[in-house]
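# Summary of structural features
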Amino acid sequence: MSGGVAAIRGGFDHPMGGDGERKKRRAEEEEEDDEDNDGRGMDAWAWEALQEDEAGLLRPLDSKTLVHAQYRKRLLLRSSAPSSSSSRIQKGLIRYLYVVFDLSRAASETDYRPSRMVVVAKCAEAFIREFFDQNPLSHIGLVTIKDGVAQRLTDIGGSPESQIKALMGKLECSGDASLQNALELVHGYLNQIPSYGHREVLILYSALNTCDPGDIMETIQKCKQAKIRCSVIGLAAEIFICKHLCEETGGSYTVALDESHFKELLLEHAPPPPAIAEYAAANLIKMGFPQRGAEGVISICSCHKEIKVGGGYTCPRCKARVCELPAECKICGLTLVSSPHLARSYHHLFPVTPFDEVSSMFSSKLNQKAPQTCYSCQESLAGHGNKSNLHVTCPKCNQHFCLNCDIYIHESLHNCPGCESHRSLPM
Amino acid sequence: MTAAQSKLYSDDVSLIVVLLDTNPFFWAASTSGNLPFSNFLNQVIPFLNSLLLLNQHNQVVLIATGVNSCDYIYDSAEAGGRNSIDAANVAAISSTILNRLENFVTKDARLAKGSDKAAAGGNGISSLLSGSLSIALCYIQRVFRSGARHPEPRVPIDSCIVGPQHSAFLQQASYITGGVYLKPQHLDGLFQYLAAVFASDLQSRSFLRLPKPVGVDFRASCFCHKKTIDMGYVCSVCLSIFCKHQKMCSTCGSDLNQSPPDSTRVSRS
């Protein structure tokens, strides 16, 4: 079924660069998600969890080094700038993103189980949460294409809940998809946002064609002049017009091979993309940093117009109460954030330097006293038996870390424990 | 100045990582004040022992936060397991902790001599809390990796402030992670605060009334003067916070000449 169609679908521009490797990773993921595979019956791929070694004997995948190798590839791809330790790429941190859902009849195809639309909606929910987690000052709006007409599903907003609620409603698929109508609609909306924001569109396209009322090339030029960065994730095959759109506007075009690949491609759009400097004006935005109220305080909140007890934040300018941050004060319009929200974006601008790989045999050759334990978790770095044991070291503080800490530090923690624990090092 | 700790949960069993602040500038200044360092240790070490007594599977890790370095002091799992806690064991643990702490503080002070002397004067330097927190989180990750398959572990950060001032940073950290923030009023009874509030495991916390802070200070400090502000200007490129309008951002060098729109938006639902 889906195994047969996979050969026909386009697999261009997907990050793994090798079909066999990707299947191995998928099989590994399925081993882990055995319990919650929605009864999809993925036993068909169980044989791919095995590999042959040099003698032709079967052995299970060495998942630990495989996971680490994938992580290294992701890391080096992301920081593909020349490896100067102070390479700081400017990123668009205040993003106004419209996500366009294709609800044409192509989205009701069942090659993604249960249907393309359901898979897209589920992954989009995870994407929206991840997006607001990584970009707390940004806004998302949702647009749908159905019956050749584009309609706005939700207004652009800064809180994930209202967007996700709209996604959970019934979404029916019918008719044709019109790329031009979607772009025209989004272009109209994105004209109204402040000049310091980065304008982006992400189109999740299932159809293989587009039915447009006019010349789509003109629309693409209009979007390019309005500095809107358009990206597309295709679910079917590569289409020239999408590729042209993305190339013209500086976005990325990827085509998904299956559900897990689609989710991976979608989540890659959560971190901020490298910004083109003249795309958004640099401005000083006035923001307020409210205090959280004590538990017993009773007041009327300005967002729900209800009486609330305890908690809540007070706008420093007009003293109105808002329920959660980040928000815009409904009374005076001041953007309200807390400093943890701003701090969450700093790691995009100042990423942790990738660590260098070191094999313990190598360092003992240099007559150095190789540390026996990982600096951060105290796990032993000595090898077991004849497995080649790899560990990494930070180029700035020269501390040694194990592979698991390496992944954790670069993907979640965004802090090198060695650099943070030494004052004498220059920041 | 503080003893922050993080815990993880599996039934009643806790892993508690205690981050002890050994900032010599603070402790030297407080010998004539409320709580000398030796008294402080006299309260904390019995607290650590009592944690081990609460449940035989509890694990305690002590990490010291210095001004020039951070390091592991004690890990109850590495001693090869303790079959029975008796008087000799408790004394052994205490003396191990004290010896290693002394070595750490001496080493920390020695590291200071090598670095910039000018920074060592004045009103003291801050402790490297972010370093010890990072180390603690990596350790917790390691325990979770080798244990049962859990999703992201819940790690509340509890803060116990021993110094004179409230710490906005730890207030925020404890609030966001769901931990307890406490600044004890009577420091000579510190052990009682520790044992009553911070020794509770995560399962019990759902039906205990633990102290809540009066409010959480989410204000930011400006990059130019380091003073706390509740309204400021944020550079749209690098998110640096300034208290006054400026022509150029000092962090990213962007030209900020345009007059600031006061974040008004045309569309409103």
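Bear in mind that the values here come from a model prediction, so they are computed numbers and not experimental data.

The subject of this paragraph is the overall build of chain B. Along its length, chain B carries eight helices and 10 strands. Here chain B holds 269 residues, and 47% of them are scored as buried. If you take every contact in chain B between residues at least 6 apart in sequence, the share linking residues at least 24 apart comes to 56%. Of the accessible surface of chain B, which amounts to about 13400 Å², a share of 54% is contributed by carbon and sulfur atoms.

Quick look at the sheet that holds strand 16 (residues 335-336) of chain A now. Pairing is mixed across the open sheet formed by five strands, whose spatial order is 15(A)-16(A)-9(A)-9(B)-10(B). The open sheet is flanked by strand 15 (327-328) of chain A together with strand 10 (241-242) of chain B, the only strands paired with a single partner. Pairing of strand 9 (residues 231-235) of chain B with strand 10 of chain B, which is carried by two bridges, proceeds in the antiparallel orientation. Directly across from Val234(B), in strand 10 of chain B, lies its bridge partner Ile241(B).

Quick look at the interface of chain B and chain A now. Each partner contributes residues to the interface: chain B has 64 residues there, and chain A has 61 residues. When chain B packs against chain A, close to 5400 Å² is buried across both sides, 56% of that on carbon and sulfur atoms. At the surface where chain B touches chain A, the tally comes to one salt bridge. Where Glu379(A) meets Arg142(B), a salt bridge forms, and the shortest distance between an N and an O atom there is 3.9 Å. In this structure, the connection of chain B to chain A is made through 12 residue pairs in polar contact (both at pLDDT 80 or more). If you list the elements that add at least two residues to the side of chain B that touches chain A, you get strand 4 (70-75), helix 5 (129-146), helix 6 (168-177), strand 9 and strand 10 of chain B. The element best represented in the side of chain B that touches chain A is helix 5 of chain B, accounting for 11 residues. Here the residues of the side of chain B that touches chain A sort into 30 nonpolar, 22 polar and 12 charged.

Let's shift gears to the pairing of strand 9 (residues 284-288) of chain A. Across the five residues of strand 9 of chain A, five count as buried, placing the element largely inside the fold. Alternating positions in strand 9 of chain A separate into two faces, Leu284(A), Lys286(A) and Gly288(A) on one and Ile285(A) and Met287(A) on the other, with burial throughout. Of the pairings in the sheet, the one linking strand 9 of chain A to strand 9 of chain B comprises five bridges and is antiparallel in character. Looking at the pairing, Ile285(A) lines up with Val234(B) of strand 9 of chain B. As defined by bridge partners, strand 9 of chain A adjoins strand 16 of chain A across two bridges and the pair is classed as parallel. Directly across from Gly288(A), in strand 16 of chain A, lies its bridge partner Leu336(A).

Right, let's talk about the nonpolar core for a bit. Residue and element names in this part refer to chain A. By size, the foremost hydrophobic cluster in this structure holds 60 residues, and its most contacted members are Ile203 and Tyr205. When residues of this core are assigned to their parent elements, the largest contribution, six residues, is made by helix 6 (residues 179-190). Apart from residues no more than four positions distant in its own chain, isoleucine 203 is found in contact with Val100, Leu179, Leu183, Ser231, Val232, Ile233 and Leu245.

Residues and elements named next belong to chain A. Viewed as axis vectors pointing N to C, helix 4 (residues 116-134) and helix 5 (residues 160-168) meet at an angle of 175 degrees, and their least axial separation amounts to 10 Å. Put simply, helix 4 runs roughly antiparallel to helix 5. Residue-level inspection shows Ala121, Ala124, Glu125, Ile128, Arg129 and Phe132 of helix 4 in contact with helix 5, the latter providing Pro160, Glu161, Gln163, Ile164, Leu167 and Met168. Residues belonging to the contact of helix 4 with helix 5 are distributed by class as follows: eight nonpolar, one polar and three charged.

All names here are of chain A. Spatial ordering of the open sheet is given by 10-13-14, a layout of three strands whose pairing is antiparallel. Looking at which strands have only one partner, the edges of the open sheet turn out to be strand 10 (291-292) and strand 14 (321-322). Of the pairings in the sheet, the one linking strand 10 to strand 13 (residues 313-314) comprises two bridges and is antiparallel in character. Each residue of the ladder has a partner; that of arginine 292, found in strand 13, is tyrosine 313.

All names here are of chain B. At a minimum axis separation of 9 Å, helix 2 (residues 37-54) and helix 7 (residues 190-198) run at an interaxial angle of 30 degrees. For the element pair helix 2 / helix 7, the angle class is roughly parallel. Handedness of the crossing formed by helix 2 with helix 7: right-handed. The residues of helix 7 that touch helix 2, namely those facing Phe40, Gln43, Val44, Pro46, Phe47 and Ser50, are Leu190, Phe191, Leu194, Ala195 and Phe198. Residue composition of the contact of helix 2 with helix 7, by class: nine nonpolar, two polar and no charged.

Reading the values: the criteria
Residues numbered from 1 in each chain as written. Chains lettered and ligands numbered in written order. Predicted model: local features only at pLDDT ≥ 70, side-chain atom pairs only at ≥ 80, totals over all residues. Heavy atoms only, no water. Helix = DSSP H or I, 4+ residues; strand = E, 2+ residues; numbered from the N terminus. Buried < 20%, exposed > 50% of the residue type's maximum accessible area, 1.4 Å probe, protein only. Contact = heavy atoms within 4.5 Å. Areas by Shrake-Rupley, 256 points an atom, 1.4 Å probe, with all protein chains shown as cover. Pairing = 2+ DSSP bridges. Buried area = accessible area lost by both parts, 1.4 Å probe. Salt bridge = Lys/Arg side-chain N within 4 Å of Asp/Glu carboxyl O. Polar contact = N/O pair within 3.5 Å; in protein donor to acceptor, adjacent residues only side chain to side chain. Nonpolar A, V, L, I, M, F, W, Y, C, P; charged D, E, K, R; others polar. Core = buried A, V, L, I, M, F, W, Y, C linked by side-chain atoms within 4.5 Å. Axes fitted to C-alpha atoms, helices over the stretch in contact; angles between N-to-C directions. Parallel < 35°, antiparallel > 145°, perpendicular 65-115°, else oblique. Left-handed = near helix turned anticlockwise from the far one by under 90°.

By themselves, these observations are geometric and do not establish any function.
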